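What follows is the residue order along each chain.
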Amino acid sequence: MSATASASSAPADLEARAVSKRFGAHLAVDNLSFAVARGSFFSILGPSGCGKTTLLRMIAGFIQPDGGSIAIGGRDMAGVGPNRRPVNMVFQQLALFPMMSVSENVAFGLARRGMARAERVRKAEAMLERVGLAGAGGKRTDELSGGQRQRVAIARSMVLEPTLLLLDEPLGALDLKLREHMKLELKQLQASFGTTFVYITHDQSEALVLSDHVGVMNHGHFEQLGTPQQLYYAPATPFVAGFVGNNNRVAGKALALEGALVQVGTAAGWSVRARAHGTIAVGSTVEAFIRPESAMLGRSAADFPPGQLAYTGEVLSLLFDGANSVVLLRELQSGQELRIALPQTGAYADLKVGDRIHFGFDPERAICFPAAAAHA
Amino acid sequence: MPELARAAWSRRLLLALLLAPALLWLSLLIVLPHLDLALLSFRERIAPRQFVPSLAQYRTFFTEPLYWHVFLRTALMSAGATALTLLVAFPIAWTIAKLARGRMSALLFVVCLIPFWVSETVRTLGWMILLRESGVLPQLLVHLGITAQPVELLYHDATILVGLVYTSLLFMVVPLVGSLESLDNALIEAAYDLGAKGGAILREIVIPHAAPGITAGCIVVFMLTLGNYLTPTLLGGKNSLWFTEQIYNQFITRFNWEQGAAFGFLLLALSTAMVWFGLKASGQRFSDVMRRT
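Residues numbered from 1 in each chain as written. Chains lettered and ligands numbered in written order. Predicted model: local features only at pLDDT ≥ 70, side-chain atom pairs only at ≥ 80, totals over all residues.

Visitor: Summarise the overall build of chain B; cite the residues concerned and give the values.
Guide: Tallying secondary structure elements over chain B gives 13 helices and two strands in all. Compactness check: chain B gives a C-alpha radius of gyration of 24 Å against a globular reference of 19 Å for 293 residues, more than 25% above the reference. C-alpha extents for chain B along the principal axes are approximately 85 × 75 × 35 Å. Pairs at least 24 residues apart make up 68% of the contacts formed inside chain B by residues separated by at least 6 positions. (Helix = DSSP H or I, 4+ residues; strand = E, 2+ residues; numbered from the N terminus. Rg over C-alpha atoms; globule rule 2.2 N^0.38 Å. Contact = placed C-beta atoms within 7 Å.)

Have a look at this one:
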């Protein structure tokens, strides 16, 4: 799939053309082309082993592509070593130099450029102040908290004013609370620096929150490239629908077509309507995806608008998680299990396991793919 | 309570039993002989079987130029051999720790170990077969037309150094591999990514990280070299002028145990001073370094 990450007129800071990399029999990156607009936050989202780390390491220059080209800031990078690319990287485990102070860490790249000591100390201090670590320059790196270390790693790269900053799952090692906080901080830092960020992650929430554009990667190629909203509301493939956000996957056959809607029937006899993606023939196998939050709950069948199918389900379990609470239901006739988000009004706070409840979907918000199209 | 006390007592007994062999070894074979040697070195024979306390043995060392020349020469050559060993061992250790993987790395380690399956005497005699005038290497040089006549490659300072480096290599490689293996490759990549070249990465990242291992290896090799008797004597012949040879001469040839004991303590003092100086110069703590050996 070939696409441009941005429709805006900003020039591309990163442009990959037909990039491939093979390790033995394994094709890690498969003929990948994309462009990242200047000043944008671009994420590569995919499960582990999808080739995203290989792609990032090719951009950084640690490995050479077998085919295709990578241009950074409009300049082709073939044969240019990592130490001469206008690219810096924030490593997964941050890779701060433990043998140096915080300030020496930040000044390391400047020293390699031959900058005089006084000048480099001044610049390092200014950069530390910018990331909110004023006065921490004399500390050892192991005296800092996880979030502070993160900021040192970013400062160490940003002080070199790279065209592109690469981030290799830098939040992976942090605990949940700090990760949420650092997500926000990363976005603010990117906005204030205005540098192009290329971020790789397997965490769809990080990608959605942070990015202007996301490439969803699987088996070495992009399944879809678009804004977080596009990925979420209009997934292009079953993989994207299953990977980005939570989804109920319903596998079955197309029973009937009603305009843009498909009636999907499962083997157990449950049927549901969903918007068709691509051409679907009656009788073909299909996969439908229904977001937990697109479902509605009702105390009685009369709670649903006329024309919408309403089902009756039994509560299997309640997963209370504040605003993200869901209920796990089993549809009575077919035994189909579904996750449905609980409304935040607290209207169903009295729900108990074993209760019976009605539920239904807006078919426009469910999506149906032809099953054979997966990984075609 | 009595049960707890009994448990504590039996634990202490077990600890004592476990440590007993090491303690016996230390006290009987190291501490006691050294105490006796110390007493020996501070006395002087004034008549047959008549001794008085005196500093004469130490005075002889400073007034007789041969002795302190040999002493200094031994110290300098040991330092040189240690530095050479470090230079040779570092690339080997780097290959084992960072470049080779799995079986290859183990195999390289074994290759370093193989010379030690043969006794030091046999190994050194092997060197003599290779290097003596009628030996393999001088003959080869003649055969290749590099020298007109076979040259004597034994009995040079360079030969002693080669022998010492060969003998010491493993003791430098082991701590170096340990300290290089613990170096996170991401640090090297990060330095590279931030614009560093090979030399700067070595100076700023690799050597500071490996410093305890380097210091440990240097200390062990320096001590082994300084106290080596066989290699300098066999490869250097009469010209070796190694301090251990002087000690041997005093004890065995001249039967002057008092002088030999004093020399022994001077060598111990030198080795202690050099280790202390090495630790100070490299900014390492003794306990950190010893964990690496």
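Visitor: Quick rundown of the packing of helix 4 (residues 146-158) of chain A against helix 5 (residues 176-193) of chain A? Include the residues and the values.
Guide: Residues and elements named next belong to chain A. One can describe the packing of helix 4 onto helix 5 by two numbers: an axis separation of 11 Å at closest approach and a directional angle of 25 degrees. With respect to their mutual orientation, helix 4 and helix 5 come out roughly parallel. The chirality of how helix 4 crosses helix 5 is right-handed. Taking contact as the criterion, the partners of G146, G147, Q150, I154 and M158 in helix 4 are, on helix 5, L178, H181, M182, L189 and F193. Broken down by class, the residue content of the contact of helix 4 with helix 5 amounts to six nonpolar, four polar and no charged. (Axes fitted to C-alpha atoms, helices over the stretch in contact; angles between N-to-C directions. Parallel < 35°, antiparallel > 145°, perpendicular 65-115°, else oblique. Left-handed = near helix turned anticlockwise from the far one by under 90°. Nonpolar A, V, L, I, M, F, W, Y, C, P; charged D, E, K, R; others polar.)

Visitor: Explain the sheet that holds strand 4 (residues 67-72) of chain A to me, and be specific about the residues and the numbers.
Guide: All names here are of chain A. The antiparallel open sheet is built from four strands, whose spatial order is 2-1-4-5. The open sheet has two edge strands, strand 2 (26-37) and strand 5 (75-76), and neither has a second partner. Note that strand 1 (residues 12-23) and strand 4 share five bridges and pair antiparallel. Across the sheet, the residue bridging to A16 is I70, located in strand 4. (Pairing = 2+ DSSP bridges.)

Visitor: Describe the domain arrangement of chain A, and please don't skip the residues or the numbers.
Guide: Domains assigned within chain A are domain 1 (12-237), domain 2 (246-292 + 362-376) and domain 3 (311-359). Taking only C-alpha atoms into account, the centre of domain 1 of chain A sits 38 Å from that of domain 2 of chain A. (Domains from an automatic or database assignment.)

Visitor: Account for the interface of chain A and chain B, naming residues and giving values.
Guide: In this complex, chain A contributes 17 residues to the contact, which on the side of chain B involves 15 residues. Taken together, the elements giving at least two residues each to the side of chain A that touches chain B come down to strand 6 (87-90) and helix 2 (102-112) of chain A. Ranked by the residues each element gives to the side of chain A that touches chain B, the list is headed by helix 2 of chain A, at three residues. Across the side of chain A that touches chain B, the residue classes tally to 10 nonpolar, four polar and three charged.

Visitor: Explain the pairing of strand 14 (residues 285-290) of chain A residue by residue, including any values.
Guide: All names here are of chain A. Burial runs high along strand 14: five of the six residues are buried. Looking at chain direction, strand 11 (residues 248-258) and strand 14 are connected through six bridges and run antiparallel. Along strand 14, the bridge assignment pairs G252 with V286. In this structure, strand 14 lies alongside strand 20 (residues 367-370), joined through four bridges in antiparallel fashion. Within the sheet, the bridge partner assigned to A288 lies in strand 20 and is C368. (Buried ≥ 20, exposed ≤ 12 C-beta atoms within 10 Å, placed from the backbone.)

Visitor: Lay out the nonpolar core with the relevant residues and their values.
Guide: In this structure, I59(A), L166(A), A288(A), C368(A) and L176(B) are the most contacted members of the largest nonpolar core, which totals 130 residues. Among all residues touching L166(A), those that are not within four sequence positions of it are L56(A), I59(A), A60(A), V87(A), M89(A) and V198(A). Among the nonpolar cores identified, the runner-up in size contains 12 residues, and M77(B), L153(B), L161(B) and V165(B) belong to it. (Core = buried A, V, L, I, M, F, W, Y, C linked by C-beta atoms within 7 Å.)

Visitor: Give a description of the confidence of the model for chain B that names residues and reports values.
Guide: Caution is warranted with low-pLDDT regions, since their predicted coordinates should not be read in detail. All names here are of chain B. Looking at chain B, pLDDT values average 90 and 99% of them are 70 or higher. Within chain B, helix 8 (residues 185-193) carries the highest mean pLDDT (95), whereas helix 13 (residues 286-292) carries the lowest (73). Scoring of the predicted complex yields 0.82 for pTM and 0.83 for ipTM. (pLDDT = per-residue confidence, 0-100.)

Visitor: Could you give me a rundown of the packing of helix 11 (residues 243-253) of chain B against helix 12 (residues 257-282) of chain B, with the residues and numbers involved?
Guide: All names here are of chain B. Where helix 11 contacts helix 12, the two axes come as close as 7 Å, and the packing angle between them is 160 degrees. Relative to helix 12, the element helix 11 lies roughly antiparallel. Crossing of helix 11 over helix 12 shows left-handed handedness. In this structure, helix 11 contributes F243, Q246, I247, Q250 and F251 to the contact, and helix 12 contributes W257, Q259, G260, F263, G264 and L267.

Visitor: Help me get a handle on the sheet that holds strand 17 (residues 326-331) of chain A, residues and values and all.
Guide: All names here are of chain A. Taken together, five strands build an open sheet; the order of strands is 15-19-16-17-18 and the sheet is antiparallel. In the strand order of this sheet, the two ends are held by strand 15 (295-298) and strand 18 (337-341), each with one partner. On average, adjacent strands in this sheet sit at an angle of 45 degrees to one another, irrespective of strand direction.

Visitor: Provide a residue-level description of the pairing of strand 1 of chain A, including the pertinent values.
Guide: All names here are of chain A. Direction of pairing for strand 1 relative to strand 2: antiparallel, over a ladder of eight bridges. Residue pairing for strand 2: L14 is matched across the bridge by V36. Where strand 1 hands over to strand 2, the hairpin turn is made up of two residues, of which G24 adopts a positive phi near 65 degrees.

Visitor: Let's hear about the environment of M182(A): which residues, and what values?
Guide: All names here are of chain A. Mapped onto the secondary structure, M182 falls in helix 5. Since 19 C-beta atoms lie within 10 Å of it, M182 is described here as partly exposed. Taking C-alpha positions, M182 is 15 Å from S192, a pair spaced 10 residues apart along the chain. Leave out the neighbours within four places in its chain, and M182 touches G147, Q150, L171 and L174.

Visitor: Got a sec to walk through helix 5 of chain A? Specific residues and values, please.
Guide: Residue and element names in this part refer to chain A. An ideal rise of 1.5 Å per residue puts 26 Å on 18 residues; helix 5 measures up with 25 Å between its terminal C-alpha atoms. For helix 5, the set of buried residues is L186, L189 and Q190. Seen end-on, helix 5 carries its buried residues on one side only, within an arc spanning 95 degrees. Of the residues in helix 5, the exposed ones pointing more than 90 degrees away from the buried face are K177, L184, Q188, A191 and S192. Of the surrounding secondary structure, the elements contacted by the buried residues of helix 5 are strand 3 (41-45), helix 4, strand 8 (196-201) and helix 6 (204-210). Where helix 5 terminates, the next one or two residues include G194, which has phi positive at roughly 75 degrees. (Expected span 1.5 Å × (residues − 1). Arc of directions from axis to C-beta.)

Visitor: Tell me what's going on with the confidence of the model for chain A, and back it up with residues and numbers.
Guide: The predicted model of chain A averages 90 in pLDDT, with 96% of residues at 70 or higher. Counting contacts from residues 1-8 of chain A, a segment whose pLDDT is below 50, to residues more than four positions away or on other chains yields 19 contacts.

Visitor: Help me get a handle on unusual backbone geometry, residues and values and all.
Guide: All names here are of chain A. Of note, A95 is a non-glycine position whose phi angle comes to about 55 degrees, a positive value. Using a count of 23 C-beta atoms within 10 Å as the deciding quantity, one classes A95 as buried. Although it is not a glycine, E169 adopts a positive phi angle of roughly 40 degrees. Note that E169 resides in the loop between strand 7 (164-168) and helix 5. We classify E169 as buried; it has 20 C-beta atoms within 10 Å.

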